[in-house]
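Below are the chains, spelled out letter by letter.
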Amino acid sequence: MNERLCTRCDAREATSLGVPISERLDRNPDGTPLARNSVIVRHDPATWTLLCDACVDSAIAAGELALVHDLATFNGAPLPTEIRTTRLLLRPWRRDDAEQLQPILEANYAHLSPWIPTRIATPASVPDLERRLAGFAADFTNDREWRYAIFTHDGSGDSAQLLGELSLFPRAERGRVPFAEANCAEVGYWLRADATGHGYVVEACKGVLGAVARIPRFSHAEIICDERNAQSAAVPQRLGFVLTNVVPDSEPGVQLQIWTSALGAFRVHRNERGGG
């Protein structure tokens, strides 16, 4: 599953991560001259590309690249803090989302509790949820795990209704691991009951996996779901994942399906805009 083809020629193995020049400058803001070849580089992972040696050379010769990272040593996890799709806005949780989240958990406990961890599904007071969401935000910033709140948006880009969550976890063959040890992104998700059946999870997954596909450390993605949850298992099938294993859960009698996909197919989804 270690598919890392150059995104420029789509033929040779990628060896580098290219960071393009965003803007060339010849003067400082005060009007004084700058050194020759001064450039602006923005931390926008949506513009970073996986390149083979030949395409790195041609891009440098054309004056397109500001930085080149060696994939063998690069460990960054530049996941965007805002992802937009046709109907959705995804961003990390914030403390003030607790006001919207609390009634959703109250109304959806029976819908969610059989399938997601108790600490996520269980309703709580707004102050308790604020602390929980602050912890999620800290985990996102520190690359421990990345939980996106899923909102509809009104076309102007403003978020509206909270629908649920899409989460990412760094993973290796032995399970969830620190990011520096991972080669796989595990995808999880939940939606409020009245938002199911509209394709929101598939749309959100495509947007997020487009960003994940540009992280060199990750060669593939996995979705793990209870085989009794047919609605959840339909998502990886619609995304083109392949069922690669069925393993027993820690809960007696429960079997978990492991769905896997290489990330190459998702590199075409470039609809995310990196936040700060």
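Since this is a predicted model, take the numbers as computed values, not measurements.

S.K.: Looking at this structure, I do not really get empty space enclosed by the protein. What am I missing?
M.R.: Rolled over the atoms, a probe as big as a water molecule pinpoints where empty space is left. The tally for this structure, following the rule as stated, stands at one cavity of 30 Å³ or more. Estimates place the volume of the largest cavity at around 50 Å³. For the lining of the largest cavity, the secondary-structure elements that each account for two or more residues are helix H2 (98-112) and helix H4 (126-141). No other element matches the three residues that H4 contributes to the lining of the largest cavity.

S.K.: Looking at this structure, I do not really get the pattern of salt bridges. What am I missing?
M.R.: A side chain of one charge can pair with a side chain of the opposite charge if their charged atoms are brought near each other. Scanning the model with the defined rule gives 15 salt bridges in all. With a closest N to O distance of 2.2 Å, Arg 131 and Asp 128 form a salt bridge. Here the residue Arg 131 and the residue Asp 128 both occupy positions in helix H4, the gap between them amounting to three residues, near one helical turn. A salt bridge links Glu 222 to Arg 171; its shortest N-O distance comes to 3.3 Å.

S.K.: When you look at unusual backbone geometry in this model, what are you seeing that I'm missing?
M.R.: Only a minority of non-glycine residues have a phi that is not negative, and only a minority of peptide bonds are not trans. Of note in this structure, Asp 10 is not a glycine but carries a positive phi near 55°. You can see Asp 10 is positioned in the segment before strand S1 (16-20). At Asp 143, a residue that is not glycine, the phi angle is positive and equals roughly 60°. Relative to the helices and strands, Asp 143 is located in the loop between H4 and strand S8 (146-153).

S.K.: Explain the packing of aromatic side chains here, please?
M.R.: Two aromatic rings, taken as a pair, are described by how far apart their centres are and by the angle between their planes. Taken as a whole, this structure holds five aromatic pairs when the rule is applied. With centroids separated by 5.2 Å and ring planes inclined at 90°, the aromatic side chains of Phe 140 and Tyr 148 adopt a geometry described as edge-to-face. As far as burial versus exposure is concerned, Phe 140 and Tyr 148 are alike and both buried. With 6.0 Å between their ring centres and 90° between their planes, Trp 146 and Phe 179 make a pair best called edge-to-face. Of this pair, Trp 146 sits in strand S8 while Phe 179 is found in the loop between strand S10 (175-176) and strand S11 (184-191), placing the two residues 33 residues apart along the sequence. Exposure class is identical for Trp 146 and Phe 179. Each is buried. Between Arg 176 and the ring centre of Phe 169, over which it is positioned, the NZ or CZ distance is 3.7 Å. The residue whose ring lies beneath Arg 217 is Phe 179, and the NZ or CZ to ring-centre distance is 5.8 Å.

S.K.: I keep staring at the pairing of S8 and nothing clicks. Help me out?
M.R.: Consecutive side chains along a regular strand alternate between the two faces of the sheet. Of all eight residues in S8, eight are buried, a share of seventy percent or more. Bridge count for strand S7 (residues 88-92) against S8 is five bridges, and the pairing is antiparallel. The residue bridging Leu 88 from the neighbouring strand is Thr 152, located in S8.

S.K.: Any chance you could explain the packing of H2 against H4 here in plain terms?
M.R.: Two measures define how a pair of helices packs: the angle their axes make with one another and the distance between the axes. Relative orientation of the contacting elements H2 and H4 amounts to 110°, with a least axis distance of 9 Å. Taken together, the axes of H2 and H4 lie roughly perpendicular to each other. Like other packed secondary-structure pairs, H2 and H4 cross with a definite hand, here right-handed. Only Val 126, Leu 129, Glu 130, Arg 132 and Leu 133 of H4 make contact with H2, whose side of the interface consists of Ala 98, Glu 99, Leu 101, Gln 102 and Leu 105.

S.K.: Which parts of the structure should I look at to understand the pairing of strand S13 (residues 242-248)?
M.R.: Relative to strand S14 (residues 255-262), S13 runs antiparallel, the two sharing six bridges. Bridge pairing in S14 links Val 242 to Thr 260. Linking two consecutive strands that pair antiparallel, namely S13 and S14, is a turn of six residues; a positive phi of about 85° is found at Gly 253 within it.

S.K.: Would you explain the environment of His 220 in this entry?
M.R.: For His 220, the location among the structural elements is in strand S12 (residues 220-226). A C-alpha to C-alpha distance of 10.0 Å links His 220 and Arg 171, two positions 49 residues apart in sequence. In this structure the side chain of His 220 is engaged in a polar contact, spanning 2.9 Å, whose partner is the side chain of Ser 219.

S.K.: Is there a simple way to explain the confidence of the model for the protein chain in this structure?
M.R.: With 80% of its residues at a pLDDT of 70 or more, the protein chain has an overall mean of 82. A low-confidence stretch, residues 34-41 (pLDDT under 50), is modelled with 18 contacts involving residues beyond four sequence positions or located in other chains. Scored below 50 in pLDDT, residues 269-276 makes 27 contacts in the model with residues more than four places away or belonging to other chains.

S.K.: Explain the nonpolar core to me, please; I cannot follow it from the model alone.
M.R.: Nonpolar side chains tend toward joint burial in soluble globular proteins. One finds Leu 90, Leu 166, Leu 168, Cys 205 and Phe 218 to be the most contacted residues of the largest nonpolar core, which totals 42 residues. Elements with a minimum of two residues in this core: S7, S8, strand S9 (159-172), S11, helix H5 (200-212), S12 and helix H6 (230-239). Among the elements that take part in this core, H5 stands out by supplying nine residues, more than any other. Apart from residues no more than four positions distant in its own chain, Leu 90 is found in contact with Thr 81, Glu 82, Ile 83, Tyr 148, Ala 149, Ile 150, Leu 166, Ala 204 and Val 208. Listed in part, the 19 residues of the second largest apolar core include Leu 105, Leu 112, Val 126 and Phe 136.

Conventions we followed
Residues numbered from 1 in each chain as written. Predicted model: local features only at pLDDT ≥ 70, side-chain atom pairs only at ≥ 80, totals over all residues. Heavy atoms only, no water. 1 Å grid on protein atoms, 1.4 Å probe; cavity = no way out; pocket = protein on both sides within 12 Å on 5 of 7 lines; lining within 4 Å. Points joined across faces, edges and corners; volume = space filled by probe spheres on them. Helix = DSSP H or I, 4+ residues; strand = E, 2+ residues; numbered from the N terminus. Salt bridge = Lys/Arg side-chain N within 4 Å of Asp/Glu carboxyl O. Phe/Tyr/Trp six-rings, centres within 6.5 Å; stacked < 30°, edge-to-face > 60°. Buried < 20%, exposed > 50% of the residue type's maximum accessible area, 1.4 Å probe, protein only. Lys NZ or Arg CZ within 6 Å of the ring centre and 35° of its normal. Pairing = 2+ DSSP bridges. Axes fitted to C-alpha atoms, helices over the stretch in contact; angles between N-to-C directions. Parallel < 35°, antiparallel > 145°, perpendicular 65-115°, else oblique. Left-handed = near helix turned anticlockwise from the far one by under 90°. Contact = heavy atoms within 4.5 Å. Polar contact = N/O pair within 3.5 Å; in protein donor to acceptor, adjacent residues only side chain to side chain. pLDDT = per-residue confidence, 0-100. Core = buried A, V, L, I, M, F, W, Y, C linked by side-chain atoms within 4.5 Å.

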